[in-house]
Every structure is written in C-alpha cells, then in structure tokens.
Amino acid sequence: VTFILSTKFTLYMDEFQIKEVVAHDTDTIRRIGKLRYDVWKDEGSLNLSVFSSESWCDEFDGSGYHWIAETVDGQIVGAARMHLFRELDESSRDVALWRRCGQFVPLPTVDFGRLVVRSDYRRRGIAQMLNEVRMIAARNMGAKSIIVTASEANARQLLKLGFVDINERIEFPERPGVIFVAMQYNFT
C-alpha cells in the first residue's frame, strides 16, 4: 500500500486505487454522476422522476473536492465528495439542517456528501478509505469540523472514526425511503 500525502491523495491497493479528482475534470465528474445514479437506482432508492438524465450531478460538484475508487482497468467503483464552507451557507441542505436544529458548527467546516460504492465492490474497505481520505484532506485544508448526513450503513462506519450522531434524521426527496443520520466531527 502506498499513501501519498500532499494536496492530492492517491492510495494504491491491488485491485483499485483511491485518488483525488479535480472538479474541472468534467468527464470524470460525469462518470461519478452516472455511478451515483446507477447504484442508487439498482438499490431502488432513487426518485427517478427527479432526474432527466441517467446521472446525478448537482451544483456542488463543480466546486467540491472529489475522490474515486478506480480499478486497474479504469472503472470507477466508488466515489465521494466534500465541500468546504467558510461560512454557514444556506444553499447546502446539510448546513441548513444544522442551522435549523441549532447545532454549533466550528468554522471552517466541510460537508461530506455523495458517498457511493458499487454493490459488487462493497465489503472491501472502499467506503472507509474514502471517508478517511476526506478526513485527512479536511484537516489539511484547515477545517475545524465536518458535517454529514449519512446513510445508516455509513453512519456506523463514521461512528468508529469519531463522528457524533447529533440526533437528527432526514429523508431527501431524491432518495425516498432512505433515512439519513446527521453527524458531526470536530477537530481538536
């Protein structure tokens, strides 16, 4: 295993690598959007009426930080995003949730989002590596905290990494039937 710590991250494994993707790499961002759509559609947890194309990209993809799990033959099998907030910007649903519930958020903060792993690549540590790489990047950017609305499966992993459940639950219209757990991590 090789782990390169700089402004860019790459983690090499035998089957895949975890690497950072710049937001202006529109081809890779499009492929990430397709992965999100396909995985969540196959799980039956996607409101298809919300999506006019078979992709899920949004306004935060162009300004976010992205990581992918990519196989040696170039398939993207996992992805995750992070967005830095120097102020509590209401345009983020997660930030708006924190403000509504009155939860203190040390600034700057990052919002983890859109963690997705193809079902045939689960249970190989990809989600955990994507979470850990984002935590390292957040710390290196000077973030004081991390906020996230996580699926129940991801919430269990995040608890092991020191995140705290702030006792808020939310269901998003794009993913009906999936309850997301609001969690926070404060750097000390």
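The residue numbers shown here count from 1 along each chain, following its written sequence. Under the rules for a predicted model, residues below a pLDDT of 70 receive no local features and side-chain atom pairs below 80 are neither given nor counted, while totals for whole chains, interfaces and linings still include all residues. Side-chain descriptors were evaluated using all non-hydrogen atoms of the structure, hydrogens and water having been removed beforehand.

Novice: Would you mind going over the overall build of the chain with me for this structure?
Specialist: The numbering of helices and of strands both runs from the N terminus, where a helix is a DSSP run of H or I of at least 4 residues and a strand a run of E of at least 2. Along its length, the chain carries four helices and nine strands. Traced from its N-terminal end to its C-terminal end, the chain shows the element sequence β-β-β-α-β-β-α-β-α-β-α-β-β. The C-alpha radius of gyration of the chain comes to 16 Å, within 12% of the 16 Å expected for a compact globule of 188 residues. We call a residue buried when its accessible area falls under 20% of the maximum for its residue type, exposed when it is over 50%, and partly exposed in between, using a 1.4 Å probe and counting protein chains only. Out of the 188 residues in the chain, the part that is buried amounts to 51%. Residue contacts follow a heavy-atom distance rule, with two residues in contact if any of their heavy atoms lie within 4.5 Å. Taking contacts inside the chain between residues at least 6 apart in sequence as the whole, the part at least 24 apart equals 64%. On the chain, roughly 9,500 Å² of surface is accessible, and the fraction owed to carbon and sulfur atoms is 49%. Taken together, the 24 basic and 26 acidic charged side chains of the chain have centroids lying 2 Å from each other. Our radius of gyration is a C-alpha quantity, and the globule rule it is checked against amounts to 2.2 Å times the number of residues to the power 0.38. The protein chains shown are the only cover counted for residues, whose accessible areas, like all others here, come from Shrake-Rupley with a 1.4 Å probe. By the counting rule applied here, Lys and Arg register as positive and Asp and Glu as negative, while His and the ends of each chain are not counted. A charged residue contributes its charge at one atom only: NZ of Lys, CZ of Arg, CG of Asp or CD of Glu.

Novice: When you look at the packing of helix H3 (residues 126-140) against helix H4 (residues 152-160) in this model, what are you seeing that I'm missing?
Specialist: Two packed helices can be described by the angle between their axes and the distance between those axes. The axes are straight lines fitted to the C-alpha atoms, using for helices just the contacting stretch, and the angles between their N-to-C directions are given from 0 to 180°. In contact at an axis separation of 11 Å, H3 and H4 are set at 55° when each is read in the N-to-C sense. When the axes of H3 and H4 are compared, the pair comes out oblique. Here H3 and H4 pass one another in a crossing that is right-handed. Along its contact with H3, which presents Ala 127, Gln 128 and Asn 131, the element H4 presents Asn 154, Gln 157 and Leu 158. To sort the angles, those under 35 degrees are grouped as roughly parallel, those over 145 as roughly antiparallel, those from 65 to 115 as roughly perpendicular, and the leftovers as oblique. We call a crossing left-handed when the near helix sits turned anticlockwise from the far one by less than a right angle, and right-handed when that turn is clockwise.

Novice: Would you explain the nonpolar core in this entry?
Specialist: Most often, soluble globular proteins keep nonpolar side chains buried together rather than apart. Residues Ile 18, Val 110, Phe 112, Ile 126, Ile 146, Phe 163 and Met 183 are the most contacted members of the largest nonpolar core, which totals 32 residues. Only strand S3 (16-21), strand S4 (65-71), strand S5 (76-85), strand S6 (109-117), H3, strand S7 (145-151), H4 and strand S9 (180-186) provide two or more residues apiece to this core. The element that contributes the greatest number of residues to this core is H3, accounting for eight residues. Excluding its chain neighbours within four sequence positions, the residues that come into contact with Val 110 are Met 82, His 83, Leu 84, Ala 138, Ala 143, Ser 145, Ile 146 and Ile 147. Membership of the second largest hydrophobic core comes to 14 residues, among which are Ile 29, Ile 32, Leu 35 and Leu 46. Here, nonpolar core refers to any group of buried Ala, Val, Leu, Ile, Met, Phe, Trp, Tyr and Cys residues whose side-chain atoms link them within 4.5 Å.

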